[in-house]
2 protein chains.
Amino acid sequence: MADHPHPSDPQETSVDEAVFHERYPSRRLLDLIASRWTPIVLFCLASGTHHYGQMQRRIPGISKKMLSQTLRRLETDGLVHREVYRVVPPKTEYELTELGWRLHEPVRFLCRWAAENAEIFDRIERNRTVASVSE
Amino acid sequence: MADHPHPSDPQETSVDEAVFHERYPSRRLLDLIASRWTPIVLFCLASGTHHYGQMQRRIPGISKKMLSQTLRRLETDGLVHREVYRVVPPKTEYELTELGWRLHEPVRFLCRWAAENAEIFDRIERNRTVASVSE
DNA sequence: CAGTATCCTTCCGGATACTG
DNA sequence: CAGTATCCGGAAGGATACTG
């Protein structure tokens, strides 16, 4: 582990450089939302309380395993509240906590930006196609 | 080709549901930036043209392999321009393209939001710690 | 300096089957 | 209905060695 910042050189790691550090907020945010399902689940719950099966139906392609895993993670992180009703048939409700709502903010921004700049993705996709053809 | 729900699609798959589809811009944006190194490399290049070794020194923890891979990806996507100078010793310069700059926008937003809401991550981390202790 | 090539380990995530 | 348990293939990613 090359932890380089030696006391002898205090100025080397400036404030600017800190942005790239693992513990810097930007990295931590990405570690949180930069996964396949987390943002989509967050977004889904932003439209209101949901049941398990309901969510699985709304999110195409997600498996039970991934849905459970994602929800559990969000729950232990305190972003989602899980309310279990001991009835027959069983019923469980998931909803965003206050913390969850706060995190939803940047996610929503991303979604909106993406929608408004949709042509970018087509351009990128074209670039990629051209590159793969010419190789 | 993904069977996208065409507009004629009567019920069940409303506009709202489309948000969760793979081909929807939000998903595509996440596929692009939701990786360990891509956003950080993008962010790094946003502060100006860089050399290879320069970047490796600025970004702690990145391996040569990952740096190369990430840069190659960004290059074929048309987000980064690579200029090779055939001199001794070899020199290569990386810089953002116009497309790269556009994508930098949401990345910068994320970083800024994260910095302004840094306490959120501490709260989440505490939640996680508590959960792991009590199990 | 600026990479590529190779090996190897870990984790992601889908499919399936089972339970309360 | 609302999950958990298990298996397994493939991709991500680190370490190391080598090249122009």
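Reading guide: rules and limits
Residues numbered from 1 in each chain as written. Chains lettered and ligands numbered in written order. Predicted model: local features only at pLDDT ≥ 70, side-chain atom pairs only at ≥ 80, totals over all residues. Heavy atoms only, no water. Near = heavy atom within 4 Å. Polar contact = N/O pair within 3.5 Å; in protein donor to acceptor, adjacent residues only side chain to side chain. Helix = DSSP H or I, 4+ residues; strand = E, 2+ residues; numbered from the N terminus. Nonpolar A, V, L, I, M, F, W, Y, C, P; charged D, E, K, R; others polar. Axes fitted to C-alpha atoms, helices over the stretch in contact; angles between N-to-C directions. Parallel < 35°, antiparallel > 145°, perpendicular 65-115°, else oblique. Contact = heavy atoms within 4.5 Å. Least-squares fit on C-alpha atoms with pLDDT ≥ 70 in both. UniProt positions renumbered as here; feature names shortened; annotations may be inferred. Phe/Tyr/Trp six-rings, centres within 6.5 Å; stacked < 30°, edge-to-face > 60°. Buried < 20%, exposed > 50% of the residue type's maximum accessible area, 1.4 Å probe, protein only. Lys NZ or Arg CZ within 6 Å of the ring centre and 35° of its normal. Buried area = accessible area lost by both parts, 1.4 Å probe. Salt bridge = Lys/Arg side-chain N within 4 Å of Asp/Glu carboxyl O.

This paragraph deals with the protein's contact with DNA strand C. Taken together, 19 residues sit near DNA strand C, with R36 and K65 of chain A together with K64, R82 and Y94 of chain B positioned nearest. Looking at DNA strand C alone, sugar and phosphate atoms form 58% of those within 4 Å of the protein. One of the side-chain nitrogen or oxygen atoms of K65 of chain A is found 2.4 Å away from a base oxygen of DNA strand C. K64 of chain B places a side-chain nitrogen or oxygen 2.9 Å from a base nitrogen of DNA strand C. Listing elements by their share of the surface near DNA strand C, those giving two or more residues are α5 (64–76) of chain A together with α4 (52–58), α5 (64–76) and β2 (91–96) of chain B. The leading source of residues in the surface near DNA strand C is α5 of chain B, at four residues. Looking at the surface near DNA strand C residue by residue, the classes come out as seven nonpolar, five polar and seven charged.

Turning to the protein's contact with DNA strand D, a few remarks are in order. The environment of DNA strand D is made up of 19 residues, and the closest members are K64, R82 and Y94 of chain A together with K65 and P90 of chain B. At the protein interface, 55% of the atoms of DNA strand D within 4 Å belong to sugar or phosphate. The side chain of R72 of chain A places a nitrogen or oxygen atom 3.2 Å from a phosphate oxygen of DNA strand D. Between Y94 of chain A and DNA strand D, the recorded distance is 2.6 Å, taken from a side-chain N or O atom to a phosphate oxygen. Elements supplying a minimum of two residues to the surface near DNA strand D: α4 (52–58), α5 and β2 (91–96) of chain A together with α5 of chain B. Among the elements that line the surface near DNA strand D, the one with the most residues is α5 of chain A, at four residues.

Attention now moves to the packing of helix α3 (residues 38–45) of chain A against helix α6 (residues 98–116) of chain A. Residues and elements named next belong to chain A. It is at 10 Å that the axes of α3 and α6 come closest, and there the two elements cross at 105°. The pairing of α3 with α6 is recorded here as roughly perpendicular in orientation. Residues P39, L42 and F43 of α3 lie in contact with α6, whose contacting residues are L103, H104, V107, R108 and C111. Here the residues of the contact of α3 with α6 sort into six nonpolar, one polar and one charged.

Our next topic: the relation of the copies chain B and chain A. Relative to chain A, chain B is turned by 180° and slid 0.0 Å along the rotation axis, the superposed coordinates differing by an RMSD of 0.1 Å. The superposition operator between the copies reduces to a two-fold rotation axis. Relative to the rotation axis, the closest C-alpha in chain B is found at A34 of chain B, a distance of 2.1 Å. A share of 100% of interface residues in chain B that are also interface residues in chain A marks the association as one of identical surfaces.

Cross-referencing UniProt, the feature "domain: HTH hxlR-type" (unreviewed entry) maps to residues 24–122 of chain A in the present numbering. Between the end C-alpha atoms of residues 24–122 of chain A the distance is 32 Å, and the span holds 62% helix and 12% strand.

For the coordinates displayed, the defined rule picks out one aromatic pair over all chains. Look at F109 of chain A and F109 of chain B: their rings are 3.6 Å apart centre to centre, the planes differ by 15°, and that puts the pair in the stacked class. Taken together, the residues span two chains, with F109 of chain A in helix α6 and F109 of chain B in helix α6 (residues 98–116). The pair formed by F109 of chain A and F109 of chain B is uniform in burial state, with each residue classed as buried. Over the ring of Y85 of chain A we find K91 of chain A; its NZ or CZ atom is 4.9 Å from the centre of that ring.

Chain B puts 54 residues into the contact, and the matching count from chain A is 54 residues. In total, about 5100 Å² of surface goes out of reach between chain B and chain A, with carbon and sulfur atoms giving 61% of it. Counting across the interface, chain B meets chain A through twelve salt bridges. E98 of chain A is paired through a salt bridge with R123 of chain B; the nearest N and O atoms lie 3.1 Å apart. At the boundary of chain B and chain A, one finds 22 residue pairs in polar contact (both at pLDDT 80 or more). Mapped onto the side of chain B that touches chain A, the elements with two or more residues apiece are α1 (15–18), α2 (25–33), α3 (38–45), α5, α6 and α7 (118–133) of chain B. With twelve residues, α6 of chain B is the largest single contributor of residues to the side of chain B that touches chain A. Broken down by class, the residue content of the side of chain B that touches chain A amounts to 31 nonpolar, five polar and 18 charged.

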